[in-house]
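A look at the structure
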Amino acid sequence: MLDYFFPDMRQRNTSEKELLELANVDVDRFQRTIRQFKLINYLFSASSRLMREHFFTIMEQDPDRMYTLLDVGAGGCDIAIRAAREARKRGLKLNITALDNDRRIIPIAYQAIRDYPEIQIIEGNALNLSLLGSFDFVFSNHLLHHLAWDDIKQFLDSIIARTRLAFVMNDLKRSNWAYLGFTIFSRLLTRRSFHFYDGRLSIRRGFLPEELKEFIRINFPNRAIHVVETYPARVVLVYKPAKV
């Protein structure tokens, strides 16, 4: 019973699949899960705060310029929409490319962005960005924990080559307290979706800060990629290739 609330967090769980990743799942539960990400990301992801700190502060140094943002693993586009709203509020020009590889999500995303012409949706794989050019900013939210270590290296190599000003990779810190908190929250507020199972597995797939620091030290010793912890239970990769 104790393992139900406090499982072994010493190693990443990269062997189990999330229900959302399976091909044949209940359509209603799938769509409800995607739409519930809006609430979960708003409450827990820290994405808006991270973009304000690392993207919008740079943009405001040259407010007349047109900027570009790539949101990798954009899902239902709730974070892309928040970025668009923030840019509008600040009077900044920002074109956003929202990339996701799950074609089941695309219709939901198109419906969500109907009032945001500055957002373009592209169906594509995060590990194959060869058809994309470069962007001022690149962002991902809860993407890295879906990848094996070799795939993370491949992804970051590709993103580094496409980032002009900054990237932020926001992900989950592997923590018993995060696991317990999400267990309670999800049971209460995300019923009839896949969030209870998938969210708990995602945390077990997440990272310890020391793991990511060692990974960056070994694989990117000459890159200014910083590992930052932030609340609630997030570990973030921040990269700014040039002084801005």
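Let me sum up the structure you'll find in this document. (Residues numbered from 1 in each chain as written. Predicted model: local features only at pLDDT ≥ 70, side-chain atom pairs only at ≥ 80, totals over all residues. Heavy atoms only, no water.)

A few words on the pairing of strand 4 (residues 135-141). Most of strand 4 sits inside the fold, with seven of its seven residues counted as buried. Sheet topology places strand 1 (residues 66-72) next to strand 4; four bridges connect them, and they run parallel. Its bridge partner lying in strand 4, Leu69 is registered against Phe137. With six bridges connecting them, strand 4 and strand 5 (residues 163-172) associate as parallel partners. Looking at strand 5, one finds that Ser140 is bridged to Met169. Where the polypeptide runs from strand 4 across helix 6 (residues 149-162) and back to strand 5, its parallel neighbour, the crossover connection is right-handed. (Buried < 20%, exposed > 50% of the residue type's maximum accessible area, 1.4 Å probe, protein only. Helix = DSSP H or I, 4+ residues; strand = E, 2+ residues; numbered from the N terminus. Pairing = 2+ DSSP bridges. Right-handed = clockwise from strand over helix to strand, strands pointing away.)

Counted by the stated rule, this structure contains ten aromatic pairs. Judged by centre distance (4.7 Å) and plane angle (35°), the rings of Phe55 and Phe137 are tilted. Here the residue Phe55 occupies a position in helix 3 (residues 47-59), and Phe137 occupies one in strand 4, the gap between them amounting to 82 residues. Relative accessible area serves as the criterion here: at 2%, Phe55 is assigned to the buried category. We classify Phe137 as buried; its relative accessible area is 1%. (Phe/Tyr/Trp six-rings, centres within 6.5 Å; stacked < 30°, edge-to-face > 60°.)

Helical geometry: 3.6 residues make up each α-helical turn, so side chains three or four residues apart lie on a common side. Over its 14 residues, helix 7 (residues 176-189) runs 20 Å from end to end, which matches the ideal 20 Å to within 8%, given 1.5 Å per residue. Where helix 7 is concerned, the buried positions are Ala178, Tyr179, Leu180, Phe182, Thr183, Phe185 and Ser186. A distance of 3.1 Å separates the backbone nitrogen of Trp177 from a side-chain oxygen at the start of helix 7, and that oxygen is part of Ser175. (Expected span 1.5 Å × (residues − 1). Polar contact = N/O pair within 3.5 Å; in protein donor to acceptor, adjacent residues only side chain to side chain.)

Among the surface-exposed residues, Leu39, Tyr42, Leu43, Ile184, Leu188 and Leu189 lie close enough to one another that they form a single nonpolar patch of about 620 Å² accessible area. Elements represented by at least two residues in the nonpolar patch include exactly helix 2 (27-44) and helix 7. Assignment of secondary structure puts Ile184 in helix 7. Judged by relative accessible area, which is 46%, Ile184 ranks as partly exposed. (Patch = residues over 30% accessible without salt bridge, like charges linked within 9 Å, V, L, I, M, F, W, Y side chains within 5 Å. Areas by Shrake-Rupley, 256 points an atom, 1.4 Å probe, with all protein chains shown as cover. Salt bridge = Lys/Arg side-chain N within 4 Å of Asp/Glu carboxyl O.)

Mapping Ser158 onto the fold places it in helix 6. Since its relative accessible area comes to 17%, Ser158 is described here as buried. Polar contacts involving the side chain of Ser158 include one to the side chain of Arg162, which spans 2.9 Å.

In this section: the nonpolar core. Formed by 34 residues in total, the largest nonpolar core has its most connected members in Phe55, Leu69, Leu94, Ile119 and Phe137. Beyond its immediate sequence surroundings of up to four residues, Leu94 is in contact with Phe56, Met59, Met66, Tyr67, Thr68, Leu69, Ala83, Ala87 and Glu118. Counting residues in each nonpolar core, the second largest holds 28 residues, with Leu99, Leu129, Met169 and Phe220 among its members. (Core = buried A, V, L, I, M, F, W, Y, C linked by side-chain atoms within 4.5 Å. Contact = heavy atoms within 4.5 Å.)

With that out of the way, let us pick up unusual backbone geometry. A cis amide bond links Tyr231 with the next residue in sequence, Pro232, at an omega value of -5°. By the secondary structure assignment, Pro232 is in the loop between strand 6 (225-230) and strand 7 (234-239). With phi around 70°, Ala46 is a residue other than glycine that occupies positive phi space. Its location among the elements puts Ala46 in the loop between helix 2 and helix 3. Judged by its relative accessible area of 11%, Ala46 falls in the buried class. Although it is not a glycine, Ala233 sits at a positive phi angle of roughly 55°.

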